[in-house]
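Survey of secondary and tertiary structure
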Amino acid sequence: VCPNGKIIACFTQEGHLWVTSSDFSKNLSDFATESQVPPNQLTWCGTDSVMLHWDRLLMMVGPYGDWLKYNYDEPISLIQELDGVRVLSSSRMELIQRVPDPVVDVFKIGSCTPAALLFDAHDLFQRNDAKADESIRSTASRLSDAVDTCLEAAAQEWDSTIQKQLLRSASYGKSFLEFYHTENFVNMAKTLRVLNMLRRPDIGMPVTYRQYTFLTPDVIVNRLIQKHLHFQAVQICDLLGLPKERVVVHWACEKVKATQDLPADEVGSGHPCMHSPDVCPLCRLRTRAASISL
């Protein structure tokens, strides 16, 4: 079933991928896979393509009969996501998704959208080319939209170098605007810092921007708490202005649980303020956690 619940994909006995509306009233696609062996997995990639997995072969079928084939040298498993498909193997994780529209607007070859012209204008400006002024003037009437598109494209990118290029382009464009809500730029910069933190190998939560906005930062913080990544959760709370008491209380509760079987003289030996809870707010929370645990 498609993530939006409106379309269903089926694999028939004849080896056809049949796509129909959820009420079976409209036939949308009928693709011959040339294989009567049912796939191990059949999942949606976003809302407009279907992934079929046979052993170490992966096939993506688009809405107009176009298809792509991926070969793997090890067993894989598919996980359907909100905006794509995760491909898991014993050695790596990949995310396959449709290229987001803001990224297409900026980087498509020959694109003449305001965002693409703004990106080119900033590149010319960095090279001290006088054509930068001409390029920025050509987008004057839609410069605000161009800045927003560059910000959205930065949110969709995974490469931090490209993210910085797009943020610099947006910053360059907004400097020519008399009225622009700078909160959009600041909030996006904070969001990118959070996303890049979550994608680090030591944290292991590689979410896309759409997944992040769907889950909300509160859910992200709760997941970090459950993974016992309290320091990173506090960092995100500080960055986004979220309350962090729940993080510290959970940390304190876990500390109390971990020290219940230790001798009394060893409890808190690693914390210099443990014997003076009036001085350290964390110790007050730890004392409170001990009463809760008991």
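Going by the structure above, here's the rest.
Every value quoted in this text rests on a predicted model; they were computed, and no experiment measured them. Residue indices follow the written sequence of each chain, beginning from 1 at its first position. Residue-level local features of this predicted model are given only where pLDDT is at least 70; pairs of side-chain atoms are given and counted only at 80 or more, and the full residue set underlies all totals for whole chains, interfaces and linings. Excluding hydrogens and water, the side-chain figures rest on all heavy atoms present in the structure.

1. Some points on the sheet that holds strand 7 (residues 67-71)
Two strands form a pair only when DSSP identifies at least two bridges running between them. Where helices and strands are cited, they refer to DSSP runs of H or I of at least four residues and of E of at least two residues respectively, numbered from the N terminus. Taken in spatial order, the four strands of this open sheet run 4-5-6-7, and their pairing is antiparallel. Two strands lie at the open edges of the sheet, namely strand 4 (41-44) and strand 7, each paired on one side alone. Within the sheet, the average angular offset between the axes of one strand and its neighbour, ignoring direction, is 20°. Alignment of strand 5 (residues 50-54) against strand 6 (residues 57-61), held across five bridges, turns out to be antiparallel. The residue of strand 6 that forms the bridge with Leu-52 is Met-59. To get an axis, a line is fitted to the C-alpha atoms, and for a helix only the part in contact is used. The angle between two axes follows their N-to-C directions and goes from 0 to 180 degrees.

2. Remarks on the packing of helix 2 (residues 114-126) against helix 3 (residues 131-138)
Where helix 2 contacts helix 3, the axes come no closer than 8 Å and their chain directions differ by 160°. Considering the angle they form, helix 2 stands roughly antiparallel to helix 3. Considering how the two elements wind past one another, helix 2 and helix 3 form a crossing that is left-handed. Residues Leu-117, Leu-118, Ala-121, Leu-124 and Phe-125 of helix 2 form the contact with helix 3, whose participating residues are Lys-131, Ala-132, Ser-135, Ile-136 and Ser-138. When describing relative orientation, an angle under 35 degrees is termed roughly parallel and one over 145 degrees roughly antiparallel, while 65 to 115 degrees is termed roughly perpendicular and anything else oblique. Crossing handedness: left-handed means the near helix sits turned counterclockwise from the far one by under a right angle, and right-handed means the same turn made clockwise. By the convention used here, residues are in contact when the closest approach between their heavy atoms is within 4.5 Å.

3. Description of the packing of aromatic side chains
Note on aromatic contacts: the rings of Phe and Tyr and the six-membered ring of Trp form a pair at centre separations within 6.5 Å, being stacked when their planes are under 30 degrees apart, edge-to-face when over 60 apart, and tilted otherwise. Under the counting rule described, the total for this entry stands at five aromatic pairs. When the ring of Phe-11 is compared with that of Trp-54, the centres are 6.3 Å apart and the planes differ by 70°; the resulting orientation is edge-to-face. Here Phe-11 is found in strand 1 (residues 7-11), whereas its partner Trp-54 is found in strand 5, with 43 residues between them in sequence. Comparing Phe-11 with Trp-54, the two get one shared label, buried. Between the aromatic rings of Tyr-172 and Phe-176, the centroid separation amounts to 5.2 Å while the plane-to-plane angle is 80°, which identifies the pairing as edge-to-face. Burial classification: accessible surface area is computed with a 1.4 Å probe over protein chains only, and a residue below 20% of its type maximum counts as buried, one above 50% as exposed, and the rest as partly exposed. Under the relative-accessibility criterion, Tyr-172 is labelled buried at 10%. Residue Phe-176 is classed as partly exposed on the basis of its relative accessible area of 45%. Counting every residue linked through ring pairs, the aromatic cluster contains Phe-125, Tyr-172 and Phe-176.

4. Quick word on the pattern of salt bridges
The salt bridge definition used is simple: a Lys or Arg side-chain nitrogen within 4 Å of an Asp or Glu carboxyl oxygen. Scanning all chains against the criterion turns up 10 salt bridges. The closest approach of N and O atoms between Arg-142 and Asp-145, which form a salt bridge, is 4.0 Å. Exposure remark for Arg-142: the relative accessible area of 46% places this residue in the partly exposed category.

5. Considering the nonpolar core
Leu-118 and Leu-151 are the most contacted members of the largest nonpolar core, which totals 25 residues. Of all the secondary structure elements, the ones that give two or more residues to this core are helix 1 (101-107), helix 2, helix 3, helix 4 (143-156), helix 5 (160-174) and helix 6 (182-198). Here this core takes eight residues from helix 4, the largest share from any one element. Setting aside residues up to four positions removed in sequence, Leu-151 forms contacts with Leu-167, Ala-170, Tyr-180, Asn-184, Phe-185 and Met-188. To define a nonpolar core, start from buried Ala, Val, Leu, Ile, Met, Phe, Trp, Tyr and Cys residues and group those joined through side-chain atoms within 4.5 Å. Residues Ile-203, Val-221, Ile-236 and Leu-242 belong to the second largest nonpolar core, which totals 20 residues.

6. Description of helix 6
Helix length check: helix 6, at 17 residues, gives a terminal C-alpha distance of 25 Å against a target of 24 Å (1.5 Å per residue), a fit within 8%. Residues Phe-185, Met-188, Thr-191, Leu-192, Val-194, Leu-195, Met-197 and Leu-198 constitute the buried set of helix 6. Expected span of a helix, by definition, is 1.5 Å for each gap between consecutive residues, and there is one gap fewer than residues.

7. Brief notes about unusual backbone geometry
Although it is not a glycine, Phe-24 sits at a positive phi angle of roughly 60°. On the secondary structure map, Phe-24 appears in the loop between strand 2 (16-21) and strand 3 (27-32). Within the chain, Asn-128 stands out as a residue other than glycine whose phi angle is a positive 60°. Structurally, Asn-128 can be placed in the loop between helix 2 and helix 3.

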